[in-house]
Each structure stands twice: as structure tokens, then as C-alpha cells.
Amino acid sequence: MVLALTVCGIVVALVVVGLFVFGLRRRLIQRSGGTFDCSLRWDAPEKGDVGGKGWAYGVARYNGDRVEWFRVFSYAPRPRRVLERSAIEVAGRRVPEGEEELALLSDAVILACLHRGTRLELAMSEDALTGFLAWLEAAPPGQRVNVA
């Protein structure tokens, strides 16, 4: 009986510590400001595939001429993807269709991009999209920016 209570107590303590670390990591990511909720689909399929597969929920953070993307459900302190402003080409935008509506946040707009030849899609709110496009267009003089 005592052993079962001890094991249960340890399991509960580990769950609480795990949740605390998730929250602490998110606060540390948001600490420097310039963050927004952003789902990402790396190596996105060609147009017409709206199956909803491949999307990962995350938080993006502006850091100079880069956007750092962190998975929400991860303990990693480093970003999973880093997108450089000069390497991003915007191919278009669209609203979620089909199963994507279930995989993404309700107010999401999808931005199709190319980053160093890799197709990717970013899903974010309309306000975050406006800020992202403004950030792209605000490149220093002499840098090439491709916004459709």
C-alpha cells in the first residue's frame, strides 16, 4: 500500500514538473517579445492537397532578420526551424480547407512560401499575418524580398 502511494506520488510530481517546464519554456521564448502563434507545415505538398496532415503547432519569434519557430509540445530550448528574411519567398495565401480546418486554429490564414527551395506553409491569425508581411517588406536596403 505504501509502495503504491509512493509510486503514485512520484508520477503526479513528474507530471506537475513536466507541465511547469512547458510553461517556463514558453515564457522564456516569449520573454524577448515579438512572438506569435504559428502552425508550420514543412515540405508542404503541391496545391490541391488539403488533407490536414503534416501541420505542427508552434510559436514563432522575430529575432533580427530571422524568424525562429519552436514546437509547442517540446522541451527543446532551441528553435526547430529558422527562417531567414532574405530566403523567404511568398507564393500566396489561402484559407484552410477540408481537414485543415480541424488541424489549425479557427482564425488561421495559410501563407504558402518557399525557403531556400523548400515549400512550406505557415498558418497564423490575420493580425499575425499582417505583422509577418510587414516584417518581410521592412528588409534593410539592398536585400531582395519576394512578396506576392
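Residues numbered from 1 in each chain as written. Predicted model: local features only at pLDDT ≥ 70, side-chain atom pairs only at ≥ 80, totals over all residues. Heavy atoms only, no water.

- Looking at an unreviewed UniProt entry, one finds the protein named DUF2550 domain-containing protein, with Streptomyces tunisiensis as its source organism.

### Description of the nonpolar core
Next up, step 1: Within the largest apolar cluster, 22 residues are counted, with the highest numbers of intra-cluster contacts made by Leu122, Met124 and Phe132.
Next up, step 2: Secondary structure elements with two or more residues in this core: strand 4 (66–71), strand 6 (88–94), strand 7 (108–115), strand 8 (118–125) and helix 3 (126–137).
Next up, step 3: For this core, the element with the most residues is helix 3, which contributes six residues.
Next up, step 4: When neighbours within four sequence positions are excluded, leucine 122 is seen to be in contact with Cys38, Ser39, Leu40, Trp55, Leu83, Val109, Ile110, Leu111, Cys113 and Phe132.
Next up, step 5: Judged by nonpolar contacts, the second largest core, of five residues, contains Leu104, Ala108, Ile110 and Ala123. (Core = buried A, V, L, I, M, F, W, Y, C linked by side-chain atoms within 4.5 Å. Buried < 20%, exposed > 50% of the residue type's maximum accessible area, 1.4 Å probe, protein only. Helix = DSSP H or I, 4+ residues; strand = E, 2+ residues; numbered from the N terminus. Contact = heavy atoms within 4.5 Å.)

### Quick notes on the pattern of salt bridges
Next up, step 1: A complete count under the given rule lists nine salt bridges for this structure.
Next up, step 2: The salt bridge involving glutamate 126 is made with arginine 93; its shortest N-O contact spans 3.7 Å. With a gap of 33 residues between them, glutamate 126 in helix 3 and arginine 93 in strand 6 connect regions that are remote in the sequence.
Next up, step 3: Residue glutamate 100 is joined to arginine 94 by a salt bridge in which the shortest nitrogen-to-oxygen separation is 2.7 Å. (Salt bridge = Lys/Arg side-chain N within 4 Å of Asp/Glu carboxyl O.)

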